[in-house]
Amino acid sequence: MSVPLRLGTRGSALALAQSQQTADALTAATGRPVELVRVVTPGDRSAAPVAQLGVGVFVSALRDALLADEIDFAVHSYKDLPTGEHPALHIAAVPVRQDPRDALIAKDDLGLAELPPGTMIGTGAVRRIAQLHALGLQLQVTPIRGNVDSRIARVHGPRADLDAVVVARAGVARLGREAEITETLDPMLMLPAPAQGALAVECRSGDADLVELLAMLDHAPSRAAVMAERAMLATLEAGCSAPVAAYAELAEGEQGDEIYLRGAVISPDGARAIRLSRTGTPADAAEIGKALAAELLDAGADTLMGSTP
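Source: prediction; values computed, not measured.

Engineer: Could you clarify how one ought to interpret the overall build of the chain in this entry?
Structural biologist: Looking only at helices and strands, the chain has ten helices and 13 strands in total. Here the chain has a C-alpha radius of gyration of 19 Å; the compact-globule value for 309 residues is 19 Å, and the two agree. In terms of principal-axis extent, the alpha carbons of the chain reach across some 60 × 50 × 35 Å. Across the chain, the fraction of contacts at a sequence separation of at least 24, relative to all contacts at a separation of at least 6, is 68%. Both charge centroids of the chain, one from 27 positive and one from 39 negative side chains, sit 6 Å from each other.

Engineer: Any chance you could explain the nonpolar core here in plain terms?
Structural biologist: In terms of nonpolar packing, the biggest core is built from 20 residues, with Met232, Leu236, Ile259, Leu261, Val265 and Leu296 touching the most fellow members. For this core, the elements supplying multiple residues, two or more each, are helix H9 (220–237), strand E11 (244–253), strand E12 (256–266) and helix H10 (285–298). For this core, the element with the most residues is H9, which contributes six residues. With residues near it in sequence (within four places) discarded, Leu296 still touches Met232, Leu236, Gly263, Ala264, Val265, Ile274, Leu276 and Ala301.

Engineer: Help me out: how do you make sense of the pairing of strand E3 (residues 73–77) in this one?
Structural biologist: Working note: regular strand, side chains alternate between the two faces of the sheet. With five of five residues buried, E3 is to be regarded as a mostly interior element. The alternating pattern of E3 places Phe73, Val75 and Ser77 and Ala74 and His76 on opposite faces, both of which are buried. Here strand E1 (residues 5–9) pairs with E3 via two bridges, running parallel. The residue bridging Gly8 from the neighbouring strand is Ala74, located in E3. Pairing between E3 and strand E10 (residues 199–204): five bridges, direction antiparallel. By the bridge assignment for E10, Ser77 is matched with Leu199.

Engineer: Would you explain the sheet that holds strand E2 (residues 34–38) in this entry?
Structural biologist: Pairing between the strands of a sheet comes from backbone hydrogen bonds, and it takes one of two forms, parallel or antiparallel. Reading across from one edge, E2-E1-E3-E10-E4 is the order of the five strands in this open sheet, with mixed pairing throughout. Edge positions in the open sheet fall to E2 and strand E4 (89–93), since each of these has one partner strand only. Averaged over neighbouring strand pairs, the angle between their axes works out to 35 degrees when direction is ignored. Summarising the sheet, E4 and E10 pair through four bridges and their orientation is antiparallel. Counted as the bridge partner of His90 is Cys203 from E10. Along the sheet, helix H4 (residues 60–67) makes contact with E1, E3, E4 and E10, crossing E3 at roughly 165 degrees.

Engineer: How should I be thinking about the sheet that holds E11 in this particular structure?
Structural biologist: If you walk across this open sheet you meet the three strands as E11-E12-E13, and the pairing is antiparallel. At either end of the open sheet lies a strand with only one pairing partner, and these are E11 and strand E13 (273–280). Pairs of neighbouring strands in the sheet enclose a mean axial angle of 15 degrees, with direction left out of account. Here eight bridges tie E12 to E13, and the two strands are oriented antiparallel to one another. When the bridges of E13 are listed, Arg262 appears paired with Ser277. Most of the contacts of H9 go to E11, to which it runs at about 145 degrees, and overall it touches E11 and E12. Where H10 meets the sheet, its contacts fall on E12 and E13, and the angle it forms with E13 comes to roughly 150 degrees.

Engineer: What is the right way to read the environment of Thr281 from this model?
Structural biologist: If you trace the backbone, Thr281 turns up in the loop between E13 and H10. On the basis of relative accessibility, which here comes to 37%, the residue Thr281 falls in the partly exposed class. In this structure, the C-alpha to C-alpha distance between Thr281 and Asp257, residues 24 residues apart in sequence, is 6.4 Å. Those residues within four positions of Thr281 in sequence are excluded, and the remaining contacts are Asp257, Ile259 and Ile288.

Engineer: How should the packing of H9 against H10 be read in this particular structure?
Structural biologist: Helix-helix packing is characterised by the crossing angle of the two axes and by the distance between the axes. At a closest axis distance of 7 Å, the pairing of H9 and H10 adopts a crossing angle of 35 degrees. Note on packing geometry: the crossing formed by H9 with H10 is right-handed. Taken together, the residues of H10 that come into contact with H9 (itself represented by Ala224, Met227, Ala228, Ala231, Met232, Thr235 and Leu236) are Ala285, Ala286, Gly289, Lys290, Leu292, Ala293, Leu296 and Leu297. For the contact of H9 with H10, the per-class residue count stands at twelve nonpolar, two polar and one charged.

Engineer: Can you walk me through unusual backbone geometry in this structure?
Structural biologist: A negative phi angle characterises most non-glycine residues, just as the trans form characterises most peptide bonds. Backbone geometry at Asp108 places phi at a positive 60 degrees, although glycine is not the residue there. Looking at the element boundaries, Asp108 is found in the loop between strand E5 (102–106) and strand E6 (120–123). Phi at Gln138 takes a positive value of approximately 60 degrees, unusual for a residue other than glycine. Turning to its location among the elements, Gln138 is positioned in the loop between helix H5 (126–134) and strand E7 (140–143). What makes Gln138 exposed here is its relative accessible area of 59%.

Parameters and conventions
Residues numbered from 1 in each chain as written. Predicted model: local features only at pLDDT ≥ 70, side-chain atom pairs only at ≥ 80, totals over all residues. Heavy atoms only, no water. Helix = DSSP H or I, 4+ residues; strand = E, 2+ residues; numbered from the N terminus. Rg over C-alpha atoms; globule rule 2.2 N^0.38 Å. Contact = heavy atoms within 4.5 Å. Lys, Arg positive; Asp, Glu negative; His and termini not counted. Charge placed at Lys NZ, Arg CZ, Asp CG, Glu CD. Core = buried A, V, L, I, M, F, W, Y, C linked by side-chain atoms within 4.5 Å. Buried < 20%, exposed > 50% of the residue type's maximum accessible area, 1.4 Å probe, protein only. Pairing = 2+ DSSP bridges. Axes fitted to C-alpha atoms, helices over the stretch in contact; angles between N-to-C directions. Left-handed = near helix turned anticlockwise from the far one by under 90°. Nonpolar A, V, L, I, M, F, W, Y, C, P; charged D, E, K, R; others polar.

Pasting the structure below:
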């Protein structure tokens, strides 16, 4: 029997679920056993709003464990990763992406358009808060933190204090709680975060055999979509405090597969937004993202960067 590979994961229910799913897929594809190793990150210890914690707060400890050879590879929610490449680490696989859209979980099975004025709705992302404000539905939007289970409990639990929450659909699905979703939100209403719903399987760059092994899990269309979205984010990121959203879809075009990338920069109060799109081939995914970011900036997105609610 081969020595088990050590997969580093955060200890939340969602992190454990997506790591176990990845471990099972790798064992099924390669025959290699995998054991989970829990790693506590600074983001797990803090109660501060996510926007104040900074980029990479949920992945830094996992990366430290990789570099210290305490684990062999790690599974991240791709949207948590900083956009810059790490010189000693390598994203060996982007598995098949879950549905990247956002989801509404509301009392009385109400959809978004059915929520009455004054509805108390919670969410953790400034991107979602801005887009909820932009809808003009007169909702009372409240920033919240916590894992998926605790957020849903604020609507349906014994101590519920909210009428609804908006969360990533992928996380709800990975926990097997899709039945509680009252509406999966159309990207025309709520454009997702770059790389939402995607996982990144990361290992040390020098572990050539492991890089090759983990590549068995890679899904090229998912990787291309995420690459386009994150290239857009990276180009906008310097000094960017405004909510940024992006969603790339692959579709069959007249001359083969095409990427259709939508991007937006929204002021935190939702009063102003710049939304543009661009198409190209999967091979040019990163360039599509960079070009769309440049177009957003040319259209004045930089004027929203320092906006305050």
